[in-house]
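# Fold and contact review
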Amino acid sequence: MVLLHVLFEHAVGYTLLALKEVEEISLLQPQVEECVLNLGKFHNIVRLVAFSPFASSQVALENVNAVSEGIVHEDLRLFLETYLPTKKKKVLLGVGDPKIGAAIQEELGYSCQTGGVIAEILRGVRLHFHNLVKGLTDVSACKAQLGLGHSYSRAKVKFNVNRVDNMIIQSISLLDQLDKDINTFSMRVREWYGYHFPELVKIINDNATYCRVAQFIGNRKELNEEKLEELEELTMDGAKAKAILDASRSSMGMDISAIDLINIESFSSRVVSLSEYRQSLHTYLRSKMSQVAPSLSALIGEAVGARLIAHAGSLTNLAKYPASTVQILGAEKALFRALKTRGNTPKYGLIFHSTFIGRAAAKNKGRISRYLANKCSIASRIDCFSEVPTNVFGEKLREQVEERLSFYETGVIPRKNLEVMKEAMVQAEEAAAEITRKLEKQEKKRLKKEKKRLAAIALASPENSSSTQEECEELNEKPKKKKKQKFQENGTEDPPVSSPKPRKRKPLPTEELVNNEREAATNGNLPKRKKSLTQPEPVSEPEEAANRSVLKKKRKLSLKEEPLSSGPEEAVSNKSSKKKKKLKLAQEG
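All figures in this text were calculated on a predicted structure; none of them were measured in a lab. (Residues numbered from 1 in each chain as written. Predicted model: local features only at pLDDT ≥ 70, side-chain atom pairs only at ≥ 80, totals over all residues. Heavy atoms only, no water.)

### So, the UniProt feature "coiled-coil region" (unreviewed entry) in the chain
In the numbering used here, UniProt assigns the feature "coiled-coil region" (unreviewed entry) to residues 418-457. The annotated region residues 418-457 carries 100% helix and 0% strand content, and the separation between its end C-alpha atoms amounts to 57 Å. (UniProt positions renumbered as here; feature names shortened; annotations may be inferred. Helix = DSSP H or I, 4+ residues; strand = E, 2+ residues; numbered from the N terminus.)

### Points about the pattern of salt bridges
When their charged atoms lie close together, side chains carrying opposite charge are able to pair. Here the structure, examined in full by the defined rule, presents 17 salt bridges. With its nearest N and O atoms 3.3 Å apart, the salt bridge here joins Glu-423 to Lys-396. Here the residue Glu-423 occupies a position in helix 24 (residues 417-490), and Lys-396 occupies one in helix 23 (residues 392-410), the gap between them amounting to 27 residues. Overall, the relative accessible area of 34% leaves Glu-423 in the partly exposed class. Connected through salt bridges with shared partners, the residues Lys-396, Glu-399, Glu-403, Arg-415 and Glu-423 form a single ionic network. (Salt bridge = Lys/Arg side-chain N within 4 Å of Asp/Glu carboxyl O. Buried < 20%, exposed > 50% of the residue type's maximum accessible area, 1.4 Å probe, protein only.)

### Digging into unusual backbone geometry
Here the phi dihedral of Met-236 falls at roughly 60°; this positive angle occurs in a residue that is not glycine. When you line up the elements, Met-236 lands in the loop between helix 13 (228-235) and helix 14 (238-249). By relative accessible area, which is 70% here, Met-236 ends up exposed. Residues other than glycine seldom take positive phi values, yet Arg-342 does so here, at roughly 60°. Inspection of the secondary structure puts Arg-342 in the loop between helix 20 (332-341) and helix 21 (355-359).

### Observations regarding the confidence of the model for the chain
Residue-level pLDDT values for the chain average 79, and 75% of them are 70 or greater. Across the chain, the element-wise mean pLDDT spans from 48 in helix 1 (residues 22-27) up to 94 in helix 17 (residues 302-312). Under a pLDDT of 50 for its full length, residues 506-511 has, in the predicted model, three contacts with residues more than four places off or in other chains. (pLDDT = per-residue confidence, 0-100. Contact = heavy atoms within 4.5 Å.)

### Overview of helix 5 (residues 74-83)
Because each turn of an α-helix spans 3.6 residues, side chains separated by three or four positions end up pointing in the same direction. Burial in helix 5 covers these residues: Leu-76, Phe-79 and Leu-80. Burial along helix 5 is one-sided: seen end-on, the buried residues are contained in an arc of 90°. Residues of helix 5 that are exposed and point more than 90 degrees away from the buried face comprise Glu-74 and Leu-78. On the buried face of helix 5, the contacting elements are strand 1 (3-9), strand 2 (13-19), strand 3 (46-53), helix 4 (57-68), strand 4 (91-94) and helix 6 (98-107). (Arc of directions from axis to C-beta.)

### Some words on the packing of aromatic side chains
Taken as a whole, this structure holds 10 aromatic pairs when the rule is applied. When the centroid spacing of 5.3 Å and the interplanar angle of 55° are considered together, the rings of Phe-79 and Tyr-83 count as tilted. Of this pair, Phe-79 and Tyr-83 both sit in helix 5, four residues apart, which is roughly one turn of that helix. What makes Phe-79 buried here is its relative accessible area of 3%. Note on Tyr-83: relative accessible area 40%, which makes it partly exposed. Pairwise contacts between aromatic rings join Tyr-14, Phe-54, Phe-79 and Tyr-83 into one cluster. For Arg-190, the ring lying beneath its charged end belongs to Tyr-210, and the centroid distance is 4.7 Å. (Phe/Tyr/Trp six-rings, centres within 6.5 Å; stacked < 30°, edge-to-face > 60°. Lys NZ or Arg CZ within 6 Å of the ring centre and 35° of its normal.)

What follows is the structure in structure tokens.
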């Protein structure tokens, strides 16, 4: 009995389910549809075999891209080889996408089935997936789907397989539209200014030049020989400038007011600016074509090559077309009209605008268009799938078309395609090596500039913040250096390294000492030191001697200042007592 398994790809991982009673299910499809909606009945039909979650969102995106392109990813290969039975003949694997089913069948050897019952079972799995897998909720499954959908869409937008040929499509479309608009506006200027100066239309044929000349002349009555040199610069022809001057003197046109003339000049300036923009756009198109499709542009020209790409939709689509499709690309209406009326089918489409078909004789136009379409198909494939596109193959293919054209006219046998392609391969390898060398040099220069810029930013940001810290460290280091220098000058090589100093006894402030000594002097006692309640900590000998000298100096100062500090009344009483003693001594004597 064949075991039917179903592979389900979800945003969170791969799931493998086994189905019970395969034969009954294949016969009773309406019952299956009813069972899908009921979770209890669906559990009786489907059994979860394995679930392999993705390690990260990046891995999930890689697997989804592989599945969408019909490629068996390494994770999917390992998952199927691990959980499917080893006997491949007895296994039938149901998948949703026929492309991935064909890839699995080709690479792993498992027979795959799509559609029918498998689609109904997958619909039920999608509906009840959060109930089938343990630990998965409906909200988390929806978040995973949303995140993967956004990343998949973003990757598809960023990953452009068409080598930015959408820019070519837009520019050639705009170029064609500008050509139509410029022609329409130029006709309007010719009619409008023709009322005033009708003879100018016959002298100047180019639309842009006509608008420039009309803007320069303005009122024809003001045109004189002084403006002849500037008129020659505009027309690029002295004879035409002279003819315009003569025609302005004998013109049959009507007079024009200043307001009408201002409007005509402003409109003609718009047409001139449009024609200038058209020239710049054509230059841009040529540069883009040389980057994206150099061989095709070298073969049939930038404009025709861009129209072929735009009509096909992309360079990849053009490369997939056969030569017969490229030949009539752009002539679809004529082709279907011919098929409907059973008339002659068209011989050429957009490639008719190339110079080769116009140069060929009437009887050879079909033959050269077929040959040219063949070479265009080859050139588009080379441009699309080569890593470093060059115009070498385009030049060689163009030479082949020239030789074929001369063969139709003169009968000279052209070179064989094999010989031409061998020469082209050698030259293309040399050109590709040169291009890669230039690109490597440019990349190195860019990396150097980037490194310099990042280094400058890194230096600029921490320097400002750490400058103050460095200055503080330098200030702290300076006194240490001075002490070292002093020791070296005294004759010692290094300063003596002392043990960590004990805490010093804080000396009393000078005011307290002076007050204490005054009180002691008034009481007739010698000044004594106050005994501290706490025993003083041991102090080193040099520090003790310095403290004693400081205290002696303070005592002397206090004793000297003591009589000065006494009031004036005490001084007067001392003098009177001395006089009385002298008087007593004199009386007794």
